[in-house]
Each structure stands twice: as structure tokens, then as C-alpha cells.
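Each chain, written out:
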Amino acid sequence: MENEGNKKSIKERTKAKHKEKQSKEMNESSNKQVAALFSHLEIAKGANASLASRDIHPAVLVIGLQFADFKICGANARCIATLTAFKKVIQDYKTPEGTTLSRHLPTHLSPQISYLVNSRPMSVGMGNAIRHLKLEISTMDIDLADDDAKLLLCEKIDNFIRDRITVADRVIVSYGLQKIQDGDVILTYARSSVVQALLLEAHAKGIQFKVIIVDSRPRLEGKGLLRCLVDAGISCTYAFLHAVGFVLKDVSKVFLGAHAFMSNGALYSRVGTAMVAMMAKEKNIPVIVCCETYKFAEKVQLDSFVMNEQGNPDEMVNISTTSTPKAGLLDGWLHKPDLKLLNLLHDLTPSKYITTVITEVGMIPCTSVPVILREYKQV
Amino acid sequence: MTGPRDLNAQIESLVNRLRRRQVVGSWSVSLETALLLRQVVSVARWNQVNVLINLVKDVGGKLVMAQPRELAVGNIVRRVLRLIRDVYNSEVSNSNTNLTSTSEEVEDDDKDYEDDNMIKSPPQKSKTYDLQSYSGPGSIISSSFFSSSASMINLLGDGSVSGKEASLDYDRNLLNSFFFLHLKPTIISELQELINELENMYVNIADQAMEHIHSNEIIMTVGKSRTVEMFLKTAAKKRKFSIVVAETSPKYLGHEMALSLSQAGIDTTVISDSAIFAVMSRVNKVIMGTHAVLANGGLISVSGTQMVATAAKHHSTPVVVCTGLYKLSPLYPYDEDSFNDLVAPDPVMSFDEGELIDKVTILNPYYDYVSPELVSLFITNTGGHPPSYLYRLINENYDPEDTVI
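Since this is a predicted model, take the numbers as computed values, not measurements.

Draft legend 1. Layout of the packing of aromatic side chains. On inspection of all chains with the given rule, the structure shows seven aromatic pairs over all chains. Taking 5.9 Å as the distance between ring centres and 75° as the angle between the ring planes, the aromatic pair formed by A:Phe261 and A:Phe296 counts as edge-to-face. Taken together, the residues A:Phe261 in strand β5 (residues 260-261) and A:Phe296 in the loop between β7 (287-290) and β8 (339-342) connect sequence positions 35 residues apart. Judged by its relative accessible area of 0%, A:Phe261 is buried. With relative accessibility at 2%, the residue A:Phe296 sits in the buried group. Each ring, one from B:Tyr332 and one from B:Tyr334, has its centre 5.0 Å from the other, and the planes form 50°; the classification is tilted.

This is how it looks when you write it as C-alpha cells:
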């Protein structure tokens, strides 16, 4: 009996070892199959709530999971969600003894921020917002009582969201309305919250126009925008990116959203935006970008390689357009040593393809982005 | 020996298969058309060249009507027509040099044929000039026709018929049957050469691969093309390079291409169409196939190609198109969309989303028109040519009166 027991445990152990080895090999091979040019961009490991340390606030855990699964998607939505979660963190925060709020709170927030970054790399706007928050914390009056300080901070966060995002969007929409006339055929790519608001507002004002939505795999975000516009009664056309040359013949204006704007005037946005902007420029169609100023970044970027985000390459295998996945030919790509899949999330549009940028401070050419940044810094 | 009835059955069979799209792909379509036309030439009863030409035009017209978007059918028909005329012209000049200088008897039919042509083409001074306008540098006309000009002057169609002709009727009839008996096998052998050219198409193009690909290159390709596949696989035997394949949603031909290339051991990366511009800055060359090449050098290619070619132009990346000559069409794209098809939008948005489909227009174009300024080089089975040279290839291989079949 004992021998049998020993044999069994040995068997089990060897089985477990074998499985471990297999999974290790899988991981290694999947890492090797990252396209060589993008090997400096790690594919986000995704949120793993069980591995999070106990310091992470549950609100942050929730949005980390939502980011990793792309349930919250889009620069504005992610920024607002992050700031709202941090508000809860601050409200639940208690300054430990021997230190002040303005010194300890940033260190308390750091693990939360790194957890979010691990679930999905931060957007430029989020980075700016968090930097603003940290600045506010550090300039907090030391004499203020904890509760008052926390209240003040939450108010400041609300103000940021209101001023730089919500109201900014409304101002952008009002500027943008000047650019939409009767009979326009407007092309937009994927889904931008600002462009969506602009089109809905223009329709509400009674302007007669048509919209062409160009969408692309594997995210297919344009479908959400399509539903929204169709529900409002706007006449829409929908096509995939391959048809953009065919579709641009009738288009009068192109409206695009932004993830971030670099200081050299280049637009960093959803992958495929550069293609749409370039094709429109070829046909001399004006390209108008709607972007809030909190998305302006200090850095400069020349191509889509040095800074980008890679999504899960397995998303490319599924070729169905509905929620039920249907595996295409690439199923089992992991077993083919020479085959790699690349699922880029962003790309860079050079400034020469963009006609104008609508921000809450007005309509500026994209080369004026560093000027605006400088103005904000002086204030 | 198969009779005309069997021939009709064969013609009907190919027409039906074309219409039902059971024959798919320009190469298979061209091969089947060439084989059928060879049957037509060998089996059908004809004793005058213009009868044969009308017959081929007739059959060709039916085939083109069966699948109008498949331009390769018309191209092969035009090649065959040109072939027949070339053979005929060279045989005429050969036979004229063989005849004595006093024999102005060239057949009535022959004269009629030449008269017809003279009406269509601008009036020429002598028949020799006429011959020259039809034949290109690669033709089989011998140089002897210069010497026969003296005997041909009577064919100018000025109505003056020499009295000697009537008495030479018998001889003429003999000459008739001898002449056309000799013509048929020549035409069939030329047709066989055309079929051989088609069968060796891929090998001829792939053999040029080493001249165009260097090591450690990053090459981009779009969709799935058998020509490009063989081109790249041949190069991969001796050079190490990597490929970026743009999947062409919603047909996903790029997936098939990538699978096939990676199985041959080539380092392949699949990207979605949206990443084409992003990746283009690191791509050294774009190599792609095409569905058809038009007379101005423009391409009719799978949808998405215009994006790739424009992005390549913006990065000054050369665009190389691998195509066989059978895809070169003398048609001109006066309207970009005249060669395009909009196919079922189901892969873009399926019926599962019914309420949305009712209120929305969904577009799914099948082809793209790429303008000739975006293409750097055509690699064909006759070598590499820039887009500006295509008009010469059209002159050599097709006749202007066959442009509309």
C-alpha cells in the first residue's frame, strides 16, 4: 500500500512538473513570437486581482480589471474613471501618525497607480491628470485638518474633470458646430467621445448632414458610435478601413478624435487614424481633430514605434463581427514558429496631414501645441 | 475527332462555369480560355481567316459576357486574335515571295480581307506599310516582304483587276486550299506556345526574385496572390528576410498568405489594415499582386491596396507589382468605379444585428483602383517594366480593333 501511495505521489509530481514545463514553454514561445520591431513594448499582462497587494483600494481594483478587459475604453472615459476612483481612495484615506497628508498621500497613491499601469499602460491624459493631482497634494496647506484637506482635494479633482474635460468638450462642440454646414458628408474613424458629442449636437441643431463611419479590426469601436448616431436619427454609412479610398470620393470633411497630442504637432490616436488622415489629405479633404488641452504632452515623437501599446495578439484570430467569436485561419498561430501577430493599439499621424485642431482655447494649427503648453505652465 | 456539336458543348460548359464562378482566379480562367480557343481553332470548320477571326470573336464575346469583371478572359481572346492575324500576315508574305513575280493572283478572299482592314485603318501607300502597322518587333514577318512589293501593288484596292486573274482561277483555288491548310497548324502551334507561356508563368516571374530582394529586408504584402507567394518562396531559398502581411478584412486573405509563407520558413508578421501606415516607415519594399492591369498602368486590385500604395508613396517606399502579361488589359479606366464591385456586406455587419442594418448603408467594395503614379515597377514573365512601358506591351500583344469584344 505504501509503495502504491509513493508511486502515485511520484506520478502526480512528475505530471505537475511536466505541466509546469509545458506552460513555461508556452509562455516563452509566445514571448518569442512578438514582432521583433516591437519587442520593447510589452504586452500588458492584464489585471490579476489575486496578485494585488492589500494596499490596493477596491475601487482601483475594479477599474484595473475594467481597463484590462477594455470595458472602459477611450482616453476621456479612462481619465474620468481613474480620477473618480482616486477620489474614493482619498476619501477613505487616513493620515498615519508622524507624517502629514501632503507628504504621505503621494506614496500611498503610488502602488495604486502602478497597479493600474500594469493592467493597462496609462494614457497621456491620465498621466497629466495624475501629475496635476500630485501637484495639488504637495501644495496643500499643512495646517488644514485632514477632513478639510480631503474635501478640498476631492473638490479640486471635480474641478479638473469639469474644467478640463466636461466643459472643454462643450466648448469644443460649440467651435466645431461652426464647421458643419448643410449638405456636408462627414467621415469619422473609430469612436471618439468628442466627435460623437459634436455630431449629436449638430443634428439636434437641425443641420442636414450625413456621416460615414470607418471602422477597423479587431476593436470594431465604430459600431458603438454607429448605434448611438442611428438612435439619434442621423443617416449613416458604415464601412471597414479597406474601403476608405472608395468612400472618400463623396466626403467633404474628416473629424478625428485624439488620444494625445505631441509637442511636435503629431497626433497620437487609435491605430488607423494616420491612414485615414493621409488618404484624406491626398484628396485635399480637410482633416479636423477635436482634442482637449489636458491631452497635450510635453514629449515629441516621430514614428509609431518608439512609444506605442500592443494589445493581445489573440484578438486578431477571431474574425467574427458579432459578440460570438469565430476563430479564423490563424487559430493555432502559437504553434507555428515563423508566424507572428501584431495587434497595435495606437499610431502617430504626422502634423502635415492635419488641417486644424479644435481645442477649448480655440481652433489652432497643430504646430501651436507647444505654445498652449507653455501658456498653461506659466499660469 | 470531335465535331462542332461537341465544341458547342465545351463552349457552353466554360460559359456556365464562368458565370457560376466555378472557375476562379485570373490564371485558371486564362488557361481554360486558351485551351478552349485552341479547340475552336482546331475543330471548327473554317477556310478563310476572317471567318476564323469572327468565330473566335463570337466565342470570346460569350466568355467575356459570362464574367465581365474577369478581364483576363478578354485579354486571352485578344492575344489569340492578334496571334491569328500575325500568323496570317507572315504566311501571306512568305507565300508571296514564293510565287513568281508575274503572279498577281492573291486570293479573292485575301483581297477582301485586306480591303476590310484598309477601310478601318488610315489609307496607306503600300501593303508593306500595312503589314508593318500590325506587326510589332516580335513578329514573325520575314524581311522578304520588301521584295514582294512589286507584286502586291495590285492589291491596293483601286478596283483595277488584272485580266490575268480570271484565267488563273484554278491556280488560285489550289493556292487557297494549300494556303489555309498550312495556316491551321501554325496557328495551333502558336496557340500552344501561348498555353505554355501561361503554364510557366509563375516560374518565369519567380526566377527574377533574386534580383529584387536583398537580405534582412522587411517586405510588405497585401492579401493573397499566388504569384507573389511563389516569388517570395523562391527568394527565401537563398535570402533571409521578413514579411509583414496586411490582413485584408473582411476577406482575411492575408491570413491564408501568412500561413502559407510561414510554413515555408519565412519570418511572417500579420498586421491589421489599420497598422499599415504605422508599420510602413520600417518597410523596405511593397510587393503585391493584382487582379488586372489597365492600359494606363493603373491596377485593379483587392480592396485595401490603394491604402498601401498611397502610404508607400508617402514614405517613398517602392511598390513592386508581380503580374503575368495575361492580366494586362487594353481597357482604359475612364471611370474609377467601372471595374469595381460591391459585394455582400455580411462580413462587415451580419444579420445578427438586424435592427441596425435596416437603418444604415453598409459598403463592402471588392476591388480598388490604384493609379499608375503609385506603382514603381511591374515584374512580368517578360521581365521588369515601369508603368510607362505598358503601352508598348499592349501594342505588341493586342490589336486596337479588338478592344471591344
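Draft legend 2. Main features of helix α16 (residues 390-397) of chain B. All of the buried residues in α16(B) are B:Leu390, B:Leu393, B:Ile394 and B:Asn397. An end-on view of α16(B) places all buried positions within 100° of arc, on one side of the element.

Draft legend 3. Examining the environment of A:Gly125 more closely. Take A:Gly125: it is sitting in helix α5 (residues 124-138). Beyond its immediate stretch of four places on either side in the chain, A:Gly125 contacts A:Cys79, A:Tyr294 and A:Lys295.

Draft legend 4. Representation of the interface of chain A and chain B in the model. Each side of the interface is counted separately: chain A has 50 residues, and chain B has 55 residues. A per-residue breakdown of the area chain A buries against chain B is headed by A:His242, A:Phe246 and A:Asp338, which together make up 16% of the total. Between chain A and chain B we count four salt bridges in total. The shortest N-O distance in the salt bridge between B:Asp337 and A:Lys249 comes to 3.2 Å. Inspection of the chain A/chain B interface yields 16 residue pairs in polar contact (both at pLDDT 80 or more). Among the elements of the structure, α8 (222-232), β3 (235-240), α9 (244-247), α10 (273-282), β8 and β9 (346-349) of chain A are those that each provide at least two residues to the side of chain A that touches chain B.

Draft legend 5. Quick look at the pairing of strand β2 (residues 209-215) of chain A. Residues and elements named next belong to chain A. Burial runs high along β2: six of the seven residues are buried. A crossover links strand β1 (residues 184-189) with its parallel partner β2, the connecting element being helix α7 (residues 193-204), and its sense is right-handed. The pairing of β2 with β3 spans six bridges and is parallel. Within β3, the position partnered with aspartate 215 by the bridge is phenylalanine 240. Once the chain exits β2 it traverses α8 before rejoining the sheet at β3, and the crossover so formed is right-handed.

Draft legend 6. Structural view of unusual backbone geometry. Between A:Arg217 and A:Pro218 the backbone carries a cis peptide bond, its omega angle lying at -10°. Relative to the elements of secondary structure, A:Pro218 occurs in the loop between β2 and α8. Positive phi, close to 60°, is recorded for A:Asn284, a residue that is not glycine. Along the polypeptide, A:Asn284 turns up in the loop between α10 and β7. Taking relative accessible area as the criterion, A:Asn284 reaches 68% and is therefore assigned exposed. Its identity as a non-glycine residue notwithstanding, B:Tyr252 has a phi of 60°, on the positive side. Tracing the backbone through its elements, the reader meets B:Tyr252 in the loop between β2 (242-246) and α12 (253-263). Exposure remark for B:Tyr252: the relative accessible area of 7% places this residue in the buried category.

Draft legend 7. Fine view of the sheet that holds strand β6 (residues 299-302) of chain B. All names here are of chain B. If you walk across this open sheet you meet the three strands as β5-β6-β9, and the pairing is antiparallel. Each edge of the open sheet is held by one strand with a lone partner, namely β5 (292-293) and β9 (367-370). Pairing analysis gives two bridges linking β5 to β6, with the strands arranged antiparallel. Along β6, the bridge assignment pairs alanine 292 with isoleucine 300.

Cut-offs applied
Residues numbered from 1 in each chain as written. Chains lettered and ligands numbered in written order. Predicted model: local features only at pLDDT ≥ 70, side-chain atom pairs only at ≥ 80, totals over all residues. Heavy atoms only, no water. Phe/Tyr/Trp six-rings, centres within 6.5 Å; stacked < 30°, edge-to-face > 60°. Helix = DSSP H or I, 4+ residues; strand = E, 2+ residues; numbered from the N terminus. Buried < 20%, exposed > 50% of the residue type's maximum accessible area, 1.4 Å probe, protein only. Arc of directions from axis to C-beta. Contact = heavy atoms within 4.5 Å. Buried area = accessible area lost by both parts, 1.4 Å probe. Salt bridge = Lys/Arg side-chain N within 4 Å of Asp/Glu carboxyl O. Polar contact = N/O pair within 3.5 Å; in protein donor to acceptor, adjacent residues only side chain to side chain. Right-handed = clockwise from strand over helix to strand, strands pointing away. Pairing = 2+ DSSP bridges.

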